[in-house]
Amino acid sequence: MDGKVVLLGIFLLIVSPCFSINIFQLLGQSYRKNLIQFREDPQFGNKKILDEYDFIVVGAGAAGATVARRLAEVSEWNILLLEAGGEESLITSLPSIAHYLQFTNYNWAYHTEKELHACKGLVNKTCPWPAGKGLGGSTIINNNMYTRGNVRDFDRWAEAGNPGWSYNDVLPYFIKNENIEVPELKKSPYHGVGGPLPISYPAYKSKLVDAFLESASEVGMPVGDYNAPGSHVGFSRIQSTTSNGRRITSARAYLHDNLKNLHVVEFGYVTKILIDDRTKVAYGVEFMKNKRKRKVLAKKEVIISAGTFNSAKLLMLSGIGPKEHLNSLGINTVSDLRVGDNLQEHPSFAGLTFLVNETVAFVPDRIYRDLISEAFKIYDKKSFMATLPPEAVGYVKTKYNKDIGDIPDIEYIFMSSSLAGEGGLGGSIGRRSMGVPDKLFYETYNGVLARDTWSIWVMLMYPESRGQVRLRSANPFEKPVINANFFTHPLDLKRIVEGIKMTIELSKTKAFQKYGSTLHKTPLLGCRHLEFGSDPYWECCIETMTMQMHHQSGTCKMGPEWDRNAVVNSQLKVYGVNNLRVIDCSIMPTITGAHTVAPTYMIGEKGADLVKSTWLNKA
């Protein structure tokens, strides 16, 4: 029966993403217990919301779920976790359909404003910018990639005036939350065993990923553990937040232990932090639940873990932000801070396509023809449904990289598929999730649709450009204004171009040539006036079909008091307001050279300890 349900859900989403916007949530309510084997937990039911708790945590993503769970380990504290979305569903446990989930209510579905140097060829000339909504946050809709970043990322945070955030300080928290399932890494001193979050290689592996790993030696790259210090430059299979071929979200890892002192509220949309005007003390929140405004108080602290966009938005709605901006919207300023500035992301290019001469790739059309048989193998971790769209990564240094040692500036995200490999009924979801319109897609890739292909998405690891988040109005239900400002610093574009050229050279290795790999050379629509393969051509391609990686960070910057852009201190306390912290990836001073979910779990673990230290020492 489960296979039939999955088949129905996927079919409806393929045929009409808009029609099936809620289908997966509905399926999950009926079948979640059988597929992902959660206990029916009364904390997610209709438990009465109290008037007051010790701590209120807003947002149940990687950080929020972690913080709430760890604070609840103190049995005498009562914790309220408020989440704007709902529970996971049956379908969200399948790693292979991350792109599809972006068309459901599990996504806030944000967009950038029109960009000067990016997203020029996308729908409405804006970049779609997914952000997870629900118990699990972005861990519901991400690609499950677990990469911590570089040693220097965290040492630089500490050197910038944030004591306690060096690599040696944060490593114990990475280890604490991890249960490594990769056999050869279980004895590593840099990995944890017994933590709540399982880390494994993807259950399904294509033949092409072997070619990628074999190509490493031909270009002088090692194959190793990119999450260990001194090993960041090199190639590897992906370490992922999956177990036995199933997605593990922060909710599944942290929130299903029936802790009586942890109250989890779904569909609780927080609209304002309550702050005493006289004392500048945060004492609760206002939120909407079942179309009714509610108020709940916090005896000790309010903790905001709503993510880079929504944490900044909620602070500004509550009077914490740039005074000139708040004044323009009629919002009284409680603390004049540069909330919303310092927005950072890993811009990428996903348009490269390499054709191969064997049936070895992940081709949506071929898979959907066999969908019925696959749906009935839903429990089989070798099924394509257990695969991750990215299978491996490579970390390389371009000619622009002046850092000494193993500090790469480009990440290769290896896919045994490509945009061009899409085609037919089911193959358009990936590129639609990236905002690629029909005309650009078909005029560039027609003739190679549904062919066996592979691709590398070229990701910039340390952008110089900075964006900004602002309120659209004082209405808490309006989406924020997001100016990504991609490529406003010219070096960002040049690094990605160099990464593209290095990828093309990689395709010429013997490992890939045994499959007859050839670059698809139809020029991208909008860039045909430039010589194919030239630097100006690739720059045009990147600006035309820009991709972001859901790695938004930095809008509530952590820094010392003398840093005029700092919003929180090294204890994650908001400047100018007492009993209020921000604990999520918005506090990153600079983005890590990593997919941000692993550092966000770490921030949640460390943030919870900071809160415990404050209040347990007061006892």
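It should be emphasised that the depicted structure is a prediction, and the values quoted were computed from it without experimental measurement. (Residues numbered from 1 in each chain as written. Predicted model: local features only at pLDDT ≥ 70, side-chain atom pairs only at ≥ 80, totals over all residues. Heavy atoms only, no water.)

Q: Run through the overall build of the protein, naming residues and quoting values.
A: From N to C terminus, the protein includes 18 helices and 25 strands. Across the protein, contacts joining residues at least 24 apart in sequence account for 73% of those joining residues at least 6 apart. With the model as given, the accessible surface of the protein reaches about 22300 Å², and the carbon-plus-sulfur share is 50%. (Helix = DSSP H or I, 4+ residues; strand = E, 2+ residues; numbered from the N terminus. Contact = heavy atoms within 4.5 Å. Areas by Shrake-Rupley, 256 points an atom, 1.4 Å probe, with all protein chains shown as cover.)

Q: Please give an account of the pairing of strand S13 (residues 292–304) that cites residues and values.
A: Looking at chain direction, strand S1 (residues 52–58) and S13 are connected through six bridges and run parallel. Bridge pairing in S13 places Phe55 opposite Glu301. Looking at chain direction, S13 and strand S25 (residues 580–582) are connected through three bridges and run parallel. Bridge pairing links Ile304 to Val582 in S25. (Pairing = 2+ DSSP bridges.)

Q: Talk me through the nonpolar core; I want residue IDs and the actual numbers.
A: Counting residues in each nonpolar core, the largest one holds 170 residues, and the members touching the most others are Phe212 and Leu580. Here this core spans two domains, and each of domain 2 (47–88 + 134–202 + 238–345 + 556–618) and domain 3 (90–133 + 203–237 + 346–548) adds at least three residues to it. Each residue touching Leu580, except ones within four places of it in the same chain, is listed here: Ile273, Ala282, Val302, Ile304, Leu315, Ile320, Leu572, Lys573 and Val574. In terms of nonpolar packing, the next biggest core, distinct from the first, is built from 11 residues, Leu90, Ile97, Tyr100 and Phe103 among them. (Core = buried A, V, L, I, M, F, W, Y, C linked by side-chain atoms within 4.5 Å. Buried < 20%, exposed > 50% of the residue type's maximum accessible area, 1.4 Å probe, protein only. Domains from an automatic or database assignment.)

Q: Help me get a handle on the packing of helix H5 (residues 151–159) against helix H6 (residues 167–176), residues and values and all.
A: Running from N to C, H5 and H6 point in directions that differ by 125 degrees, and their axes come no closer than 8 Å. In terms of axis orientation, H5 runs oblique to H6. For the pair H5 and H6, the contacting residues are Val151, Phe154 and Asp155 in the first and Tyr167, Val170 and Phe174 in the second. Considered class by class, the residues forming the contact of H5 with H6 number five nonpolar, no polar and one charged. (Axes fitted to C-alpha atoms, helices over the stretch in contact; angles between N-to-C directions. Parallel < 35°, antiparallel > 145°, perpendicular 65-115°, else oblique. Nonpolar A, V, L, I, M, F, W, Y, C, P; charged D, E, K, R; others polar.)

Q: I'd like a rundown of the UniProt feature "domain: Glucose-methanol-choline oxidoreductase N-terminal" (unreviewed entry) in the protein, residues and numbers included.
A: Per the UniProt annotation, the sites labelled "domain: Glucose-methanol-choline oxidoreductase N-terminal" (unreviewed entry) are residues 132–155. For residues 132–155, the helix share is 21%, the strand share is 0%, and the end-to-end C-alpha distance is 29 Å. (UniProt positions renumbered as here; feature names shortened; annotations may be inferred.)

Q: Give a description of the pattern of salt bridges that names residues and reports values.
A: Evaluated as defined, the whole model comprises 28 salt bridges. Where Asp341 meets Arg470, a salt bridge forms, and the shortest distance between an N and an O atom there is 2.7 Å. Highlighted residues: Asp341 in the loop between strand S15 (335–336) and strand S16 (348–349) and Arg470 in strand S21 (residues 468–470), separated in sequence by 129 residues. For the salt bridge of Glu443 with Arg528, the shortest nitrogen-to-oxygen distance reads 3.8 Å. Here the residue Glu443 occupies a position in helix H14 (residues 438–445), and Arg528 occupies one in the loop between strand S23 (518–519) and helix H17 (535–544), the gap between them amounting to 85 residues. Salt bridges sharing partners connect three or more residues here, namely Arg69, Arg70, Glu73, Lys176, Asp257, Glu605 and Lys612. (Salt bridge = Lys/Arg side-chain N within 4 Å of Asp/Glu carboxyl O.)

Q: Would you mind going over the state of the cysteines in detail, with residue names and values included?
A: Tallying each qualifying case throughout the model produces two disulfides. Here Cys119 engages in a disulfide with Cys127; their sulfurs sit 2.0 Å apart. One quick way to see it: the torsion about the S-S bond of Cys119 and Cys127 is about -95 degrees, and its sign makes the bridge left-handed. Residue Cys119 shares its accessibility class with Cys127, and that shared class is buried. (Disulfide = S-S within 2.5 Å.)

Q: I'd like a rundown of the packing of aromatic side chains, residues and numbers included.
A: In the structure shown here, the tally under the stated rule is 27 aromatic pairs. Where Phe414 meets Trp454, the ring centres are 5.8 Å apart and the plane angle is 35 degrees; that geometry is what we call tilted. Of this pair, Phe414 sits in strand S19 (residues 410–415) while Trp454 sits in strand S20 (residues 453–460), and the two are 40 residues apart along the sequence. Judged by its relative accessible area of 0%, Phe414 falls in the buried class. Trp454 gets classed as buried once you look at its relative accessible area, which sits at 0%. Pairwise contacts between aromatic rings join Trp108, Tyr110, Trp129, Tyr269, Phe309, Phe477, Phe486 and Phe487 into one cluster. Lying over the aromatic face of Trp108, Lys133 brings its terminal NZ or CZ to 4.5 Å of the ring centre. Geometry around Trp165 places Lys606 over its ring, the cationic atom sitting 5.1 Å from the centre. (Phe/Tyr/Trp six-rings, centres within 6.5 Å; stacked < 30°, edge-to-face > 60°. Lys NZ or Arg CZ within 6 Å of the ring centre and 35° of its normal.)

Q: Give me the lowdown on the environment of Gly85, citing residues and values where you can.
A: Here Gly85 is to be found in the loop between strand S2 (79–82) and helix H4 (98–101). Taking the C-alpha atoms as reference, Gly85 lies 6.6 Å from Leu135; in sequence the two are 50 residues apart. If near-sequence neighbours (up to four positions away) are discounted, Gly85 is found in contact with Lys133, Gly134, Glu266 and Phe267.

Q: With reference to specific residues and values, describe the UniProt feature "active site" (unreviewed entry) in the protein.
A: The UniProt record annotates "active site" (unreviewed entry) at His551 and His595. Look at the named residues: they lie 45 residues apart in sequence, but the longest C-alpha span between them is just 6.4 Å, so in the fold they bunch up. Of the annotated set, the members that line the largest cavity are His551 and His595. Inspection of the secondary structure assignment puts His551 in the loop between strand S24 (546–547) and S25. The contact partners of His551, leaving out residues within four places of it in the chain, are Gln344, Glu345, His346, Met459, Ile591, Ala594, His595 and Thr596. Relative to the elements of secondary structure, His595 occurs in the loop between S25 and helix H18 (597–616). Of note is the side chain of His595, whose polar atom sits 2.4 Å from the side chain of Glu411. (1 Å grid on protein atoms, 1.4 Å probe; cavity = no way out; pocket = protein on both sides within 12 Å on 5 of 7 lines; lining within 4 Å. Polar contact = N/O pair within 3.5 Å; in protein donor to acceptor, adjacent residues only side chain to side chain.)

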